[in-house]
Every structure is written in structure tokens, then in C-alpha cells.
Number of protein chains: 2
Amino acid sequence: MATFFPSFYEQIISLEDQVKFKERFQITEGSYNNVIISGMGGSGVAGRLLAGFYENMPVITVDSYDLPKYAGKKSFFVAISYSGNTEETISVAKQAKERGIEVHAITSGGVLSEIADRVISVPKGLQPRQAIGFLLIPLINTLVGNVDIEGIISSVRKAREKEKEIETMARKIASDGKIPYIITWGKQAGISYRAKTQFNEISKIFAISSNLSEQNHNEIVPMLENRDMSDKFIYIFAGRINNERIRKRVDFMTKDQNLEIMKINPVCNNEIEESFYLIHYFDLLTYYVAKNRNVDPESVKSIENLKKFLSS
Amino acid sequence: MATFFPSFYEQIISLEDQVKFKERFQITEGSYNNVIISGMGGSGVAGRLLAGFYENMPVITVDSYDLPKYAGKKSFFVAISYSGNTEETISVAKQAKERGIEVHAITSGGVLSEIADRVISVPKGLQPRQAIGFLLIPLINTLVGNVDIEGIISSVRKAREKEKEIETMARKIASDGKIPYIITWGKQAGISYRAKTQFNEISKIFAISSNLSEQNHNEIVPMLENRDMSDKFIYIFAGRINNERIRKRVDFMTKDQNLEIMKINPVCNNEIEESFYLIHYFDLLTYYVAKNRNVDPESVKSIENLKKFLSS
């Protein structure tokens, strides 16, 4: 596959092309008890998102150096590292090999492509976090199957149609200097985490990832009772509300308790389209926050410096 | 078992007695492929912590209304709700029953004790979050077994010996008005989440739960590159550092990048003792932060108001 070096904005809009990626692993139905996906940061997010729409087996995401003790031949194991050189992911993949577990890898190269038994190669030249389509689609093709790609493309386009609205929201976030507090629920739980990491890496700001209804059992306390601190945050609810209890919980916070919460309502037909809509929406939002803050959306100097320090 | 209504401080120190709780479920080795633990907030934390030291099977924690589709007779299912009336947990337990899955419950009563097939009854009269020993120990007794309870008690006592140091740290957190950012790693990953929820409910302040090395792939960017925003947080590293890569990562942040990080070094012999040391340490810390902020550590008005709103 060709190597390309598009601008960061082009990397964001390339999601529309990435979802056409047709690669998949072979998997025999009924051979496995669980799915283990090893990956860090932007690569690890793919596993977290998959867990939202694949429910035939438990999906365990490993974001550390060690493969869980229970992992064995009944585990469908996938290591995801865009660069192929992430030290934690290589460590986990090596442990899998030692245990005789087949290593499936999604990567653009590196050490991982050498040690894996099966490799899905993704194009080089992107920031890892902007390769999410390439990293996630093979998991969907392998495990979920029969996905309406045209529907996903359409949702991504519909998110981009909101670009003006997104720019306005970005200006507000950048000018207020507040910390985005992103709320999702149900199958979109991984989206708030993805959004948080994009605010971190692209906009260079903190963000909180939160889910309903779990949030209502703890963080709702300072959110409503400590308004001085609560004012440091800007609340964003992302996702459709097609559950009456969730709707009532949101009504309590906004209508009964007068908390201002911005809402992102995805235009979509199902939960996978919803995820891609929200991925694209937040990619654009975090990009425009970076632009408004006059920071480079592409560079992540601290992570580069850390890598140098670790290898010294 | 007797019902008692100790003061909130007594509830915190009752952890020492709670760990002596001997109840356990019967479980036949090899009958299950996974462990599913349903629970919200302070009750759900027990499942998250268990996942740190039980690795014979995947442990999936469910903090929503729905039982995953894959759950079946090969799933060892436990529903945890201190009150027994948590709507999400009851919803999940009912779905399990409909699917013919045996429902194990850890609860002080309520609807859950009526619908469950096997019940471990815990004493009434505590705040759910201060019943963590009663909720967690039966999971450990059932799945981990052969735990040195005297060692755990000793660790809890050693944490309390730090009460003066904890009070000092609490004064600093309360007076600065900063947001605690708690960093853990490896098997203590659930502890940063527990600490966050205790800051929320007891101290009525926000907190961020974070883990190494995942944090180093995203949130390290604003942490080091956006010092204005980074200054809104107070960084706390909790846990032993007996891994050279983790040590080097901490050294990078503190020594190379001059970030101030407070450290909590548990006195303990193994990871279960470490967890209990840290649970107790943070329970005392969040309590003293509440006292310094002149807020009631016991009440959680917003959650009570929400419950009223939901049932109206």
C-alpha cells in the first residue's frame, strides 16, 4: 500500500477513505472464549471502541506491559501498534508468542510486524491517532462483519457538514480555558475516552472522560454541589439518547439542576455509524481548538522527549 | 449479622474489621469462562479492584443497565449493590435470571436479595462506599482464596499510622483548591478510580483517575506542555514502583521535566495488601479534605435528589 504524508487536516478527513479498508483476519467461529486486544493510546482506542459493538465474546483491552495470566489458546489475540514499535505492545505480543498464542497484528511495520504470525499492514505516514479507521475497521471486518460501509461514510460526511458549528464550539472551548468534560453512555462509552485523548494530543488541553449512569454515582456530587470547581469544566454530552432512564438523568442535571451541557446529536442509523460520526466530530473539534489556541495539532513533543529519555 | 450505625470516621476505620469477613460463594473450578460483576459506583469498585489480583479468567465489570450478550452459563455472575436497590444492577441481574444464569449477590438486602439465587448478606447501616471490605472480601475469598488476612489488617493499620502525614496532605489539597490527579499502575489500576470516587463523594471535589503507562501516550502532553492548565491539578502517585520502566517514566516526569508529584509508598508484602493500604490511605485523605473544606463527608445530597427525581 502506498505511503503518503498528508497534512494533519487531510489526515482527519481521510477517515472517510480509511473506512473502505477491506482487510480482515480469518477467524473460526466458536474457537475462542475471549478477545484480547493489546494497544496503547491512539492504537488502544480501537479495542475500546470495538467493545462497544461486539458482544459475542468478552473483549479485554490490555494497556500495560503484561499479558493476563488467563490468556491462552482460547484467546483471539490482536496486538495493535501503528508504528509497530510501542514497547508495551511488543512486550505483550512476545509473551503471547511464548505461550503459543497466535499473534495477530495491525501495524504499519516495526518490530511488531516481524514477531507477529498474521499481519494486517496499514499505510505509513499518518499520526497514529489519525489512523483510527485503519486500526479499527479490520477488527470490525473480522469480528462484527457485514457492516454497511456506505452508511459509515455517510455519517462521517454528515459530521463534517457541522464544521461551522464545530468551529464555534471550538472557539468557546479555547477562549474560556475550561476543561472539556465529555459524557457518553452505553455502547459509545469508548468515545468519551477517544475524545479525551484527542483533546490531550491535538489541542494540548486536559479533558475528562465520563459515562452515564456511572458518573451519577460519584462525580455528580462535585458537579452539582461544588459549583466553583464545576465552573472549571465545560460539559459536553455526546450521543443519541434513546433510553428513557438516561434521558431522565440528563434532564435532572440540565433542567432540574440548571447545569449547562452542550449536546452533540449524531446523525446516524446505528451504533457503529454513531461511533464514526462522533470520532470525526471530535477530531474536527479538537483540531479547531488547537488552531484557536495557536498550538500545532500534529506535534506531541512530550511524547517524543519521553521516548528519547526511555531509550537513553 | 448485627446492624450498626457508626460515625463516618468509624466507618472508615471499620475496614480493619471488614476484612475479617469470612463469607464466600461455592465455585467449581473449570466450570466458567469468565467472571461478570455488575455494580455501580462504590459497589462496582469491588469488581474493578478484583480484576487487579485475579487472573484465572477475564473479569468484566458491568456499570450499565445491560448484561452483555455473551453472558451465559459459562459466566460466573455476581451482582453487587450495597443497598440492593440500585436500578442498573437490578436490571442486569434480572436479565441474567431470564437467561438462566445463576445470580450471586453481595448486598445488605433490597430487591436484589429477593431475586438472587445465592446471597451473601452484609451488615446494614454503612455508607455504601465505606462497605468496600464487605463487598470485596467475598470476591477474594471465592476467587483468589488463601489470603493472609493478618497481613491485610497489618497493612490497613500501617496506613492509619500515617494519619498525621495524611492530614498535612489533606490541608494542602483543600487549601489550594486544586484537582487531585491520581496516578497508579499495573495491578493497582482500580485504586486510582476508587480514590477518584472517594474525592467526589466524600470531599465533594473533582479528581482524575489515571494509569501508567497509558497516561504517557496522551495526557502527558497537556501535563507537561500546558503548564497553565497543568497547575490546576495536584499530582499524586500511589503505589510501589517495582518495575524499571515505570520508574523511568516517573523519573522523566519528575526529574527531567520538573513536575511536582506527591508519592504514596504503601507498606505491604504483596499486591492485595498494597490495595488495602491504598484504599485506607485515600479514605482517610478524602475524609480530612472534607473536614478541611467544611463539608459533610457522609452526605451525598445530589445523589439523593437524583434518586427522588428518577422515581417521580
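K.L.:
Just to check I follow, could you spell out the sheet that holds strand E8 (residues 233-238) of chain B for this structure?
P.N.:
Residues and elements named next belong to chain B. In spatial order, the strands read E7-E6-E8-E9; together these four strands make up an open sheet with parallel pairing. Two strands close off the open sheet at either side, each with one partner strand: strand E7 (208-212) and strand E9 (261-264). Averaged over all pairs of adjacent strands, the angle between their axes in this sheet comes to 30°, without regard to strand direction. Across five bridges, strand E6 (residues 179-185) lies against E8 in parallel orientation. When the bridges of E8 are listed, Ile 179 appears paired with Phe 233. Against the sheet, helix H8 (residues 163-176) engages E6, E8 and E9, with an angle of about 150° to E8. In the packing of helix H9 (residues 189-203) onto the sheet, contacts are made with E6 and E7, and the angle to E6 comes to roughly 160°.

K.L.:
Would you take a moment to explain the packing of aromatic side chains for this structure?
P.N.:
Working definition: an aromatic ring pair is given by the centre-to-centre distance plus the angle between the planes. Taken as a whole and judged by the stated rule, the model has 30 aromatic pairs over all chains. Centroid distance Phe 21 of chain B to Phe 134 of chain B: 5.1 Å. Interplanar angle 80°. Geometry classified as edge-to-face. Placement of the pair is Phe 21 of chain B in the loop between helix H2 (15-18) and strand E1 (34-38) and Phe 134 of chain B in helix H6 (residues 132-144), with a sequence separation of 113 residues. When its relative accessible area of 8% is taken as the criterion, Phe 134 of chain B is described as buried. Three or more aromatic residues joined by ring pairs form one cluster here, namely Phe 8, Tyr 9, Tyr 287 and Tyr 288 of chain A. Its end group placed over the ring of Tyr 193 of chain A, Arg 48 of chain A keeps NZ or CZ at 3.9 Å from the ring centre.

K.L.:
It is not clear to me how unusual backbone geometry should be interpreted in this structure. Could you clarify?
P.N.:
Glycine aside, residues mostly have negative phi angles, and peptide bonds mostly take the trans form. The amide bond that connects Leu 212 of chain A to the next residue, Ser 213 of chain A, takes the cis arrangement and shows omega of 5°. Among the structural elements, Ser 213 of chain A can be located in the loop between strand E7 (208-212) and helix H10 (220-225). Here the phi dihedral of Asn 146 of chain B falls at roughly 45°; this positive angle occurs in a residue that is not glycine. With a phi angle near 60°, Asn 294 of chain B is a residue other than glycine that sits in the positive phi range. Relative to the helices and strands, Asn 294 of chain B is located in the loop between helix H13 (271-293) and helix H14 (301-311).

K.L.:
I'm lost on the relation of the copies chain A and chain B in this one. Help?
P.N.:
Two chain copies, one operation linking them: a rotation about an axis together with a shift along it. With an axial shift of 0.0 Å and an RMSD of 0.0 Å, the rotation relating chain A to chain B amounts to 180°. Such a turn and shift between the copies fits a two-fold axis. Within chain A, Asn 33 of chain A has its C-alpha nearest the rotation axis, a separation of 3.4 Å. Comparing interface residues between copies, 100% of those in chain A also lie at the interface in chain B; the contact surface is shared.

Definitions and limits used
- Once a new chain begins, its residue numbering starts again from 1 and follows that chain's sequence as written.
- Labels are handed out in written order, letters beginning with A for the chains and numbers beginning with 1 for the ligands.
- With the structure being a predicted model, the display of local features is reserved for residues of pLDDT at least 70 and the display and counting of side-chain atom pairs for 80 or more, all residues being used for whole-chain, interface and lining totals.
- Excluded from the side-chain calculation are hydrogens and water; included are all heavy atoms of the structure.
- Paired strands, as defined in this entry, are two strands with at least two bridges between them according to DSSP.
- In this description a helix means any DSSP run of H or I spanning at least four residues, a strand means any run of E spanning at least two, and both kinds are numbered starting from the N terminus.
- Axis definition: a line fit to C-alpha positions, over the contact stretch in the case of helices; interaxial angles, taken between N-to-C directions, run 0 to 180 degrees.
- By the convention used here, residues are in contact when the closest approach between their heavy atoms is within 4.5 Å.
- Classification of ring pairs uses Phe, Tyr and Trp, with its six-membered ring standing for Trp, and accepts pairs whose centres are within 6.5 Å; under 30 degrees between planes counts as stacked, over 60 as edge-to-face, and the remaining range as tilted.
- When accessible area is computed with a 1.4 Å probe and restricted to protein chains, residues below 20% of their type maximum are described as buried, those above 50% as exposed, and intermediate ones as partly exposed.
- Distance and angle both matter: a charge sits over a ring if NZ of Lys or CZ of Arg is within 6 Å of the ring centre and within 35 degrees of the ring normal.
- What sets the superposition is a least-squares fit of C-alpha atoms, and only residues with pLDDT of at least 70 in both copies go into it.

On their own, these measurements won't tell you what the molecule is for.
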